Amino acid sequence: MSALLVPPGRRQDERNRDLRLGPVTAETYRAFLASPRGAALGAGFLQCPSWADVKEGWQPRLLGWGPDPEAGDLTGVALVLLRQFPGTRKYFAYLPEGPVADWADPGIDDWLAPLLEQLRRAGAFAVRIGPLPAYRRWDAALLKSLTGPGRRLGDVLASEVDPLGTAVAERLRARGWRRCGGDGTGDDGDAQPRHVFQVPLAGRGTEDLWSGLNQEWRRNVRRAQKEGVEVVVGSAAELPEFYRLLRVTEERDGFRLGRSLGYYQRQYAALNAEEPGRMKLYLARHRGEILAAHTMITVGRRVWYQTGASADHRRDVRPSNALQWRMLLDAHALGADVYDMRGVPSTLDPDERAYGLLRWKLGTGGQVVETLGEWERPLGGTANQTLYRAFQAYLNRR
């Protein structure tokens with residue numbers, strides 16, 4: 001695939017005059033993410049080249065745009081995952097939490113239009129993206145006081161509405177994009193969580209983090225310390241035990257992630273091959289037994305708590321609280337700007353089973369963040385429109 005020039009006839013500023021899009025190597029891609037310009041865009045782990053090695057059944061493409069992509073002179077990048085629609089030579093293109101771009105740039109067509117054309121030429125009939133800007137935020141202290149029967153996040157006035165997120169949503173709608181799951185507070189149409197929980201770390205000391213925990217969290221962390229819970233960083237050898245505990249957790253809490261042990265082993269190997277220590281497995285031991293295990297991922301100045309698992313017994317010694325406090329301190333020591341605890345439900349009803357996860361994360365004193373979610377659009381042509389409708393029906397039947 002040759003690099004594509006931005007379509008002529010459009011007024012462009014000096015920065016975008018020579019913008020080109022084309023395939024890039026994994027080395028060039030990673031170098032851009034590590035550069036000051038790339039790091040400022042805040043890429044997540046789902047847009048790292050290594051993520052392509054985690055996802056089976058998808059064909060990856062690494063793309064970059066800028067004055068000279070082949071030479072590494074970039075302004076943005078994208079990991080595209082292509083999945084073939086059964087019985088055709090057409091593909092659904094998915095950019096999880098991407099592309100990695102300057103979404104504040106009002107000249108969005110300078111890089112988005114060539115990206116779509118590139119994917120159409122590669123055989124894609126539709127594209128799903130996950131824009132990076134946030135949309136709304138709710139402080140933990142606000143939400144804890146406004147729970148009630150049938151209440152949801154959308155019933156509560158947000159602490160902050162991000163003007164950039166609002167602007168990006170308007171620009172995408174004007175270009176024919178559809179927000180998956182609609183504009184409500186549900187996230188049923190998204191592959192990645194629309195609502196996440198984040199603890200700000202920038203400009204805060206460890207005492208600030210401790211005082212940010214609510215009384216129950218501080219009491220539980222102290223209880224774990226008093227009971228002798230030991231928190232250590234494990235290795236790939238403990239992944240089977242992590243997975244066993246995850247199955248216990250799924251059964252207890254009534255959810256199913258649908259992932260295999262092999263999935264986590266691939267993830268651990270791929271992410272750490274890309275950068276040693278990118279993915280860590282934290283273990284909480286008590287009297288020699290692993291009672292809880294959580295995974296943590298680091299990219300640049302962002303840290304994620306990805307997946308947690310715990311045993312059914314000896315929960316009174318609070319191993320999960322001990323794990324999270326250690327992970328929070330480690331994220332702070334790494335110089336992270338934010339500790340992202342990933343998905344939370346949109347319910348504020350204490351009687352709903354899912355609310356327990358939100359309540360637990362609210363105790364860390366951070367914020368619920370509604371992202372822009374995921375957006376889709378079919379690519380040009382009647383055939384692609386028809387295939388897109390068939391693809392939606394296929395997904396609904398699965």
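On a predicted model such as this, the values are computed, not experimentally measured, just so you know.

**Q** Whenever I open this one, the packing of aromatic side chains confuses me. Can you help?
**A** For any pair of aromatic rings, geometry is given as the distance between the ring centres together with the angle between the planes. Throughout the structure, instances matching the rule amount to 15 aromatic pairs. Ring centres 5.3 Å apart and planes at 85 degrees place the aromatic pair tyrosine 263 and tyrosine 264 in the edge-to-face group. A residue is classified by how much of its surface remains accessible, and tyrosine 263, at 8% relative accessible area, is buried. Of the aromatic side chains, those joined through ring pairs into one cluster are Phe85, Phe92, Phe125 and Phe391.

**Q** Is there a simple way to explain the pattern of salt bridges in this structure?
**A** Proximity of charged atoms lets side chains of opposite charge pair with each other. In the structure shown here, the tally under the stated rule is 27 salt bridges. Between arginine 30 and glutamate 274 there is a salt bridge, with the nearest N and O atoms lying 3.5 Å from each other. Here arginine 30 is found in helix H1 (residues 26–34), whereas its partner glutamate 274 is found in helix H10 (residues 261–274), with 244 residues between them in sequence. Overall, glutamate 274 belongs to the buried group, its relative accessible area being 16%. Residues joined in a network through salt bridges with shared partners are Glu27, Arg30, Glu274, Glu275 and Arg278.

**Q** Before we go on, may I ask you to explain the confidence of the model for the protein chain in this structure?
**A** One rule of thumb: low pLDDT means the predicted coordinates there are not for detailed reading. Model confidence for the protein chain is summarised by a mean pLDDT of 92, while 94% of its residues fall at 70 or above. Predicted confidence is poor over residues 1–16, with pLDDT under 50, and the contacts of this stretch with residues over four places away or in other chains come to 33 contacts.

**Q** For this particular structure, what's the right way to read the nonpolar core?
**A** A general trend in soluble globular proteins is that nonpolar side chains are found buried together. Within the largest apolar cluster, 88 residues are counted, with the highest numbers of intra-cluster contacts made by Tyr339 and Val368. In terms of residue count, the dominant contributor to this core is strand S13 (residues 289–299) (7 residues). Each residue touching tyrosine 339, except ones within four places of it in the same chain, is listed here: Phe197, Gln198, Val199, Leu201, Met296, Val303, Tyr305, Gln324, Met327, Leu328 and Ala331.

Thresholds applied
Sequence order sets the numbering: in each chain, residues are counted from 1 along the sequence as written. The predicted nature of this model means local features are confined to residues of pLDDT at least 70 and side-chain atom pairs, given and counted, to a pLDDT of 80 or more, with totals for whole chains, interfaces and linings taken over all residues. Note that the side-chain values use all heavy atoms of the structure and ignore hydrogens as well as water. Only rings of Phe, Tyr and Trp enter the pairing, Trp through its six-membered ring, and a pair is recorded when the two centres are within 6.5 Å. The plane angle decides the type: under 30 degrees is stacked, over 60 is edge-to-face, the rest tilted. For every residue, the accessible area obtained with a 1.4 Å probe (protein chains only) is divided by the maximum for its type, and the residue is called buried under 20%, exposed over 50%, and partly exposed between those limits. Each reported salt bridge corresponds to a side-chain nitrogen of Lys or Arg within 4 Å of a carboxyl oxygen of Asp or Glu. The helix and strand labels rest on DSSP assignments: H or I over at least four residues marks a helix, E over at least two residues marks a strand, and numbering proceeds from the N terminus. The pLDDT value expresses, per residue, how confident the predictor is, ranging between 0 and 100. By definition, residues are in contact when any of their heavy atoms lie within 4.5 Å. Only buried residues count toward a nonpolar core, which is a set of Ala, Val, Leu, Ile, Met, Phe, Trp, Tyr and Cys residues joined through side-chain atoms within 4.5 Å.

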